[in-house]
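Now for the letters of each chain:
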Amino acid sequence: MATGFFFDEKCFWHAGGNYALTLPVGDLVQPLAAGGLPESPETKRRLKNLMDVTGLTAELDVRSAAPATNDMLSRVHPADFLAKFKEVSDAGGGEIGLRTPFGKGGYEIAALSAGIATEALRAVTSGDVQNAYALSRPPGHHCLPDWPNGFCLLANIAVAIEEVQAQGLAKRVAVLDWDVHHGNGTEAIYYDRDDVLTLSLHQEHNYPLDTGDVTDRGKDAGLGANINIPLPPGAGHNTYLHAMDQIVLPALHDFKPDVIIVACGFDAGAFDPLSRMLATADTFRQMTKQVMGAANRLCDGKLLLVHEGGYSEAYVPFCGHAVIEELAGSAITAEDPMAASLKIRQPNARVEAFFATLVDEMAEIFASPPG
């Protein structure tokens, strides 16, 4: 079976508001010449363009999807929130959360993004494809049931999980979030449930500022089914792989999911304007290889990567290409033009040893029963 690639041109048409990076324009904040929020269509469109140019797209099972229906969205989001979102969208757009502006038709595009993630997960769990990548936009991992924030308007991954569980295609789902920002929305939705394991590998206290601590382990039935791995700025390639080996892979093994989902943000990349983590295209490639190995051992290779953040228009395409190359087992490559430079920029051995100690300390915490 081929690797599925799910996208729709309409998702690139989602429009943000009048921002300069994450600051609303006004007072002393001057408009950007070409701008708005960092969450623009260009990182995603340029990834797709690079795949087309190298020939990688032609090796994939390329599909779109229908928008998520109101019934599908209502399993996660309250009716009054969805109604307000639709009302503002129909009236020309606006903003109903924090840093989540949208234009006219924004509701429909967000529902399409959720639908793409949902159809990709259905295809993986039903065996239509071996694994898949969903190039969804707008992203979703920060969205709470009744409050969008951090560029995220609907909880794409949660909507997808609820649909495949309702269809009986999966019971136990593991969500690994390696976006550089804490996956607070997905965590909140599943914080008291034990059928969904949520793991977030993120830069400590980047965004949101008040979530993502190692001590947040879930509650009630979900106690122990939430794992946060906050890493210090500058962690770099080896620290990410060490955290995967020492914490993420053992947790997946213990949980034994029916399918693994990765909230795949590329904003830990070294050139991202919203992080300081020094990850490279090869970091994302190697993490993909690690999680594919886990999926092969635990759930017949059933693995879905859902696109989240990543805001370097020049570098995200190389990170995404590396991931999808690995996912598809393709011989087509897009050589990272910054690989040699980024190898030099990685933390020195003493700093890496310190970071490894921090990861090992967290691993000891997670090896003990919570509470």
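Okay, so let's go over this structure. Everything numeric here is computed off the predicted structure, so don't read it as measured data.

Here we look at the packing of aromatic side chains
Moving on, step 1. Enumeration according to the criterion identifies 10 aromatic pairs in this entry.
Moving on, step 2. Ring centres of F81 and F85 lie 6.1 Å apart, and the angle between their planes is 40°; this geometry places the pair in the tilted category. Remark: F85 and F81 occur in helix α3 (residues 79-90); sequence separation between them is 4 residues, near one turn of the helix.
Moving on, step 3. Residue class for F85 comes out buried when judged on its relative accessible area of 0%.
Moving on, step 4. Look at F85 and Y107: their rings are 5.1 Å apart centre to centre, the planes differ by 75°, and that puts the pair in the edge-to-face class. With F85 in helix α3 and Y107 in helix α4 (residues 106-126), the pair connects residues that are 22 residues apart, well separated along the chain.
Moving on, step 5. Here Y107 falls in the buried class, since its relative accessible area comes to 10%.
Moving on, step 6. Every member of this aromatic cluster is reached through a ring pair, and the members are F5, F7, F12 and Y133.
Moving on, step 7. One residue, R172, lies across the ring of F255, its end atom 4.0 Å from the ring centre.

Details of the packing of helix α1 (residues 42-54) against helix α9 (residues 316-328)
Moving on, step 1. The contact between α1 and α9 brings their axes to 8 Å, and the two run at 55°. As judged from the angle between their axes, α1 and α9 are oblique. Seen along the crossing, α1 lies across α9 with a hand that is right-handed. When α1 is examined against α9, the residues T43, R46, L47, L50, M51 and T54 are found in contact with a partner set consisting of V316, P317, F318, G320, H321 and I324.
Moving on, step 2. In terms of residue class, the contact of α1 with α9 is made up of 7 nonpolar, 4 polar and 1 charged.

So, empty space enclosed by the protein
If you roll a probe as big as a water molecule over the atoms, it shows you where there is empty space left.
Moving on, step 1. Counting across every chain of the model gives 3 cavities of 30 Å³ or more.
Moving on, step 2. If you add up the space inside the largest cavity, you get close to 60 Å³.
Moving on, step 3. Together, V175, D177, H182, G183, T186, E187, T198, L199, S200, N226, I227 and N228 line the largest cavity.
Moving on, step 4. Put simply, the parts of the chain that give the lining of the largest cavity at least two residues each are β8 (173-177), α6 (184-190), β9 (196-203) and β10 (226-231).
Moving on, step 5. Taken together, the residues of the lining of the largest cavity sort by class into 3 nonpolar, 7 polar and 2 charged.
Moving on, step 6. In this structure, the second largest cavity occupies an estimated 40 Å³ of space.
Moving on, step 7. Lining the second largest cavity are G140, H141, A155, N156, I157, A158, G185, T186, I189 and E308.
Moving on, step 8. Secondary-structure elements contributing two or more residues to the lining of the second largest cavity are α5 (156-166) and α6.

A word on α4
Moving on, step 1. Here α4 spans 30 Å end to end across 21 residues, near enough to the 30 Å set by a 1.5 Å rise per residue.
Moving on, step 2. Extensive coverage of α4 is indicated by the burial of 17 of its 21 residues.
Moving on, step 3. G127 lies just past α4 and shows a positive phi near 90°.

Examining the environment of Q130
Moving on, step 1. Among the structural elements, Q130 can be located in the loop between α4 and β7 (131-134).
Moving on, step 2. Look at Q130 and you get partly exposed, because its relative accessible area is 27%.
Moving on, step 3. Separated by 150 residues in sequence, Q130 and T280 place their C-alpha atoms 26 Å apart.
Moving on, step 4. Filtering out sequence-adjacent residues up to four positions away, Q130 remains in contact with M1, A2, V124, D300, G301, K302 and L303.
Moving on, step 5. A distance of 2.9 Å separates the side chain of Q130 from the backbone oxygen of D300, its partner in a polar contact.
Moving on, step 6. Polar contacts involving the side chain of Q130 include one to the main-chain carbonyl oxygen of G301, which spans 3.3 Å.

Some remarks on unusual backbone geometry
Moving on, step 1. In this structure, P138 follows R137 across a cis peptide bond, with omega equal to 5°.
Moving on, step 2. When you line up the elements, P138 lands in the loop between β7 and α5.
Moving on, step 3. The linkage connecting Y207 with the following residue, P208, adopts the cis geometry, with an omega of -15°.
Moving on, step 4. With respect to the helices and strands, P208 occurs in the loop between β9 and β10.
Moving on, step 5. Not every positive phi belongs to a glycine, and L21 is a case in point at roughly 55°.
Moving on, step 6. Along the chain, the position of L21 falls in the loop between β2 (19-20) and β3 (23-24).
Moving on, step 7. When its relative accessible area of 41% is taken as the criterion, L21 is described as partly exposed.
Moving on, step 8. The backbone of F151 sits at a positive phi, close to 75°, despite the residue not being glycine.
Moving on, step 9. Checked against the element boundaries, F151 lands in the loop between β7 and α5.

Conventions used here
Residues numbered from 1 in each chain as written. Predicted model: local features only at pLDDT ≥ 70, side-chain atom pairs only at ≥ 80, totals over all residues. Heavy atoms only, no water. Phe/Tyr/Trp six-rings, centres within 6.5 Å; stacked < 30°, edge-to-face > 60°. Helix = DSSP H or I, 4+ residues; strand = E, 2+ residues; numbered from the N terminus. Buried < 20%, exposed > 50% of the residue type's maximum accessible area, 1.4 Å probe, protein only. Lys NZ or Arg CZ within 6 Å of the ring centre and 35° of its normal. Axes fitted to C-alpha atoms, helices over the stretch in contact; angles between N-to-C directions. Parallel < 35°, antiparallel > 145°, perpendicular 65-115°, else oblique. Left-handed = near helix turned anticlockwise from the far one by under 90°. Contact = heavy atoms within 4.5 Å. Nonpolar A, V, L, I, M, F, W, Y, C, P; charged D, E, K, R; others polar. 1 Å grid on protein atoms, 1.4 Å probe; cavity = no way out; pocket = protein on both sides within 12 Å on 5 of 7 lines; lining within 4 Å. Points joined across faces, edges and corners; volume = space filled by probe spheres on them. Expected span 1.5 Å × (residues − 1). Polar contact = N/O pair within 3.5 Å; in protein donor to acceptor, adjacent residues only side chain to side chain.

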